[in-house]
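Breakdown of the fold
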Amino acid sequence: MSSDTAAHPSGAPSSKAQSGAPEAMSAGRVPRQEPAPPRPTGPPPSPEPQSGLLWTVVTAVAAVLFCAALVFGATRLFIGDASGDVTDSPERTVSAFLGALLDDRDAEAAAAWLCTDKADRDLGSAVAAMADAADRGFEWGEVDETGRTVGAATVTAEIGIDGGASPATWAFTLVAEEGDPQWLICGIAAG
């Protein structure tokens, strides 16, 4: 007996130790395998947005815009509209017309306050008639707006002769037009 056979009397134990796996498969048993994890079929998941940070930023921006609106509104309220879009009023137009016609006796200046339909009227005869009564002047006052719609207004004024009877109420019909002055007189009626 050689040393190889003496160490392994029949050769069986050594072959089992060296080839244990092939014998297990040859006996009809398959080694246990773990199932593979399921693969995602859609796009990779996006990271969740940090909603707390997003709402903080949105709230801060809204607060800044609100404060800016308050400052802008307060500035316009206390300082006034510096753009000068509407500086004219129906009362101002009637006062300027009466001042030019009755106080200054300037027909051209008075005609500048008439609407385009009436601007070609000659007020010279009215001024000439007032010149005849130069010893007695005209007085006017209490210019009040009595009604307004979109683009139209009605204004009354008290007009009388100095030292004469009680003044009469005159009604002026005005329209809003483009330009300066914005309100122009289109009708005058003695009351």
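Placed above this text is the structure.
Summary of the structure given here. What you see is a predicted model; the values in this text were computed from it and never measured.

The rules behind these values
- Residues numbered from 1 in each chain as written.
- Predicted model: local features only at pLDDT ≥ 70, side-chain atom pairs only at ≥ 80, totals over all residues.
- Heavy atoms only, no water.
- Buried < 20%, exposed > 50% of the residue type's maximum accessible area, 1.4 Å probe, protein only.
- Helix = DSSP H or I, 4+ residues; strand = E, 2+ residues; numbered from the N terminus.
- Pairing = 2+ DSSP bridges.
- Patch = residues over 30% accessible without salt bridge, like charges linked within 9 Å, V, L, I, M, F, W, Y side chains within 5 Å.
- Areas by Shrake-Rupley, 256 points an atom, 1.4 Å probe, with all protein chains shown as cover.
- Salt bridge = Lys/Arg side-chain N within 4 Å of Asp/Glu carboxyl O.
- Contact = heavy atoms within 4.5 Å.
- Axes fitted to C-alpha atoms, helices over the stretch in contact; angles between N-to-C directions.
- Disulfide = S-S within 2.5 Å.

Our next topic: the pairing of strand β2 (residues 152-161). Most of β2 is tucked away: seven of the 10 residues are buried. With nine bridges joining them, strand β1 (residues 138-149) and β2 adopt antiparallel strand pairing. Within β2, the residue paired with W140 across the bridge is I159. Linking two consecutive strands that pair antiparallel, namely β1 and β2, is a turn of two residues; a positive phi of about 85 degrees is found at G151 within it. Both β2 and strand β3 (residues 168-176) contribute to a ladder of eight bridges, which runs antiparallel. By the bridge assignment, V155 is partnered in β3 with F172.

What follows concerns a nonpolar patch on the surface. On the surface, L53, V57, V61 and L65 cluster together into a nonpolar patch covering about 370 Å² of accessible area. Along the polypeptide, V57 turns up in helix α4 (residues 51-79). Judged by relative accessible area, which is 44%, V57 ranks as partly exposed.

What follows is about the side chain of E158. By the element assignment, E158 lies in strand β2. The contacts of E158, once residues within four sequence positions are left out, are E139, W140, G141, E142, P167, A168 and T169.

Across the sheet, which stays open at both edges, the four strands sit in the order β1-β2-β3-β4 with antiparallel pairing between neighbours. Edge positions in the sheet fall to β1 and β4 (183-190), since each of these pairs with one other strand and no more. Averaged over all pairs of adjacent strands, the angle between their axes in this sheet comes to 25 degrees, without regard to strand direction. Of the strands in this sheet, β1, β2, β3 and β4 touch helix α5 (residues 90-103), which is tilted by about 155 degrees from β1.

Using the criterion set out here, one finds one disulfide in the structure. One disulfide bridge connects C115 with C186, the sulfur atoms lying 2.0 Å from each other. Its S-S torsion of about 135 degrees marks the bond between C115 and C186 as right-handed, since a negative value means left-handed. Within this pair, whereas C115 is found in the loop between α6 (107-111) and α7 (124-132), its partner C186 is found in strand β4, the two being separated by 71 residues in sequence.

Distances and angles like these do not, on their own, reveal function.
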